[in-house]
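Structural description and commentary
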Amino acid sequence: MKTKFSRKFLTVGLLALSLSFTLALAGCGNTPADSSQPGSESPASGVSEAPSESPSTSGSQATGATFQAGTWLSDLGQYWFFDADGATGRTASLEDGTGVGFTYILDGNQASFSMGGADSSQSCDVTQGEGTLTFLWEDGATERLTYVSQQSSGQFQFHSNRELCDLALAYCKKQNGAQGNENLTAAAQTNEDGTVTIQVYENLGDHNSTCAWYTVDRTTAQGTDGNGQAVDLNS
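Residues numbered from 1 in each chain as written. Predicted model: local features only at pLDDT ≥ 70, side-chain atom pairs only at ≥ 80, totals over all residues. Heavy atoms only, no water.

Some details on the overall build of the protein
This is how the line gets drawn: Every helix listed is a DSSP run of H or I at least four residues long, and every strand listed is a run of E at least two residues long, numbered separately from the N terminus. Three exposure classes are used, based on accessible area relative to the maximum for each residue type with a 1.4 Å probe and protein chains only: buried under 20%, partly exposed in between, and exposed over 50%. It only takes one pair of heavy atoms within 4.5 Å for two residues to be counted as in contact.
Each helix and strand in the protein was counted, giving 2 helices and 13 strands. Burial status across the protein gives 25% buried among its 235 residues. The contacts in the protein between residues at least 6 apart in sequence include a share of 36% that link residues at least 24 apart.

Examining the sheet that holds strand E11 (residues 208–216)
Short version of the rule: Criterion used throughout: strands pair if DSSP finds at least two bridges between them. In this analysis an axis means a line fitted to C-alpha atoms, helices contributing only their contacting stretch, and an angle means the value between N-to-C directions, from 0 to 180 degrees.
What the 5 strands build is an open sheet, ordered E9-E10-E11-E12-E13; its pairing is antiparallel. Of all the strands in the sheet, just strand E9 (184–190) and strand E13 (230–232) have a single pairing partner and so form its edges. Averaged over neighbouring strand pairs, the angle between their axes works out to 35° when direction is ignored. Alignment of strand E10 (residues 196–203) against E11, held across 8 bridges, turns out to be antiparallel. In the strand pairing of E11, Thr 197 is matched with Thr 215.

Observations concerning helix H2 (residues 161–176)
The following threshold applies: The span one expects for a helix is its residue count, reduced by one, times 1.5 Å.
Compared with an ideal rise of 1.5 Å per residue, which puts 16 residues at 22 Å, H2 spans 22 Å between its outermost C-alpha atoms and is within 8% of the ideal. Every buried residue of H2 is listed here: Asn 161, Leu 164, Cys 165, Ala 168, Leu 169, Tyr 171 and Cys 172. Note on H2: the residue one or two positions beyond its end, Gly 177, has a positive phi of about 70°.

Comments concerning the sheet that holds strand E3 (residues 88–93)
Pairing is antiparallel around the closed barrel formed by 8 strands, whose spatial order is E1-E2-E3-E4-E5-E6-E7-E8. Within the sheet, the average angular offset between the axes of one strand and its neighbour, ignoring direction, is 35°. Where strand E4 (residues 101–107) lies against strand E5 (residues 110–115), 6 bridges are found, and the strand directions are antiparallel. Bridge pairing in E5 places Asp 107 opposite Gln 110.

Focus: the packing of aromatic side chains
In plain terms, the rule: Aromatic rings from Phe, Tyr and Trp, with only the six-membered ring used for Trp, were paired whenever their centres fell within 6.5 Å, and each pair was classed as stacked if the ring planes differed by under 30 degrees, edge-to-face if by over 60, and tilted otherwise.
Inspection of the entire model under this criterion finds 24 aromatic pairs. Ring centres 6.0 Å apart and planes at 35° place the aromatic pair Tyr 79 and Phe 81 in the tilted group. Relative accessible area serves as the criterion here: at 4%, Tyr 79 is assigned to the buried category. Using a relative accessible area of 1% as the deciding quantity, one classes Phe 81 as buried. Measuring from centroid to centroid gives 5.7 Å for Tyr 104 and Phe 113, while their planes differ by 35°, and the two rings are tilted. Clustering of aromatic rings is evident, with ring pairs tying together Phe 67, Trp 80, Phe 82, Phe 102, Tyr 104, Phe 113, Phe 135 and Trp 137.

Here we look at unusual backbone geometry
Unlike most non-glycine residues, Ala 221 shows phi in positive territory, near 65°. Structurally, Ala 221 is set in the loop between E11 and strand E12 (222–225). The exposure class assigned to Ala 221 is buried, which follows from its relative accessible area of 0%.

Re the pairing of E3
The pairing of strand E2 (residues 78–82) with E3 spans 5 bridges and is classified as antiparallel. From the neighbouring strand, Phe 82 faces E3, where its bridge partner is Gly 89. Following E2, the chain reverses through 5 residues before pairing antiparallel with E3; Gly 86 in that reversal takes a positive phi of roughly 70°. Sheet topology note: the E3/E4 ladder contains 3 bridges and is antiparallel. Note that in E4 the partner of Gly 89 across the bridge is Phe 102.

Some words on the state of the cysteines
Stated formally: Any two cysteine sulfur atoms within 2.5 Å of one another count as a disulfide.
The final tally for this structure, using the stated rule, is 1 disulfide. Covalently, Cys 172 is tied to Cys 211 through a disulfide, its sulfur atoms 2.5 Å apart. On the S-S bond that ties Cys 172 to Cys 211, the torsion sits near -60°, and the link is left-handed. Placement of the pair is Cys 172 in helix H2 and Cys 211 in strand E11, with a sequence separation of 39 residues. Taking relative accessible area as the criterion, Cys 172 reaches 1% and is therefore assigned buried. A relative accessible area of 31% means that Cys 211 is categorised as partly exposed.

See the structure below:
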């Protein structure tokens, strides 16, 4: 009896051991997948993902026009002087040198001017080129400015048309001596290149009798006469 019991006990023990080993192998087959393997999802918390698309404004922003401080010449017959403060300036007529002070606000390519301290403002669209500004005013008028000097309104000196006419009359009378020139008059015209042509003449009623032609630089009053000879109307 003792021998049979021992064999039976041994057989049961072996069966139990075999079953335990089988279960252990099955457990190894169900090990969770490694989260670091491709295709696995990382936990959402604590992870910063790059945006799928960069903002369209990053790296560059649209820039507007700039009014460089100094003197600008308008094709409408005046100078514009812009101060270094970026908010004030003044104008000066080529005809007689008169003008007005102004303040302005520049926002991108839109400008708003208050001329002569007026409460109302005038607005325009601004197109900037190489050394040029083009104003498209609210009423549809176009004004083109060309940069001519870094000098401010207090530094830039020029002769108005009226002053050049007076200088030309005096110069012509001096060159022609004491002849009957008391009836002489003069008229000035600005040329596309910025020079000024002055005609000194006598009005005879049915026609003008020209005494002299001068084409000079507005800032120096120097240039040439109708024969191409050098003249200085200040002399």
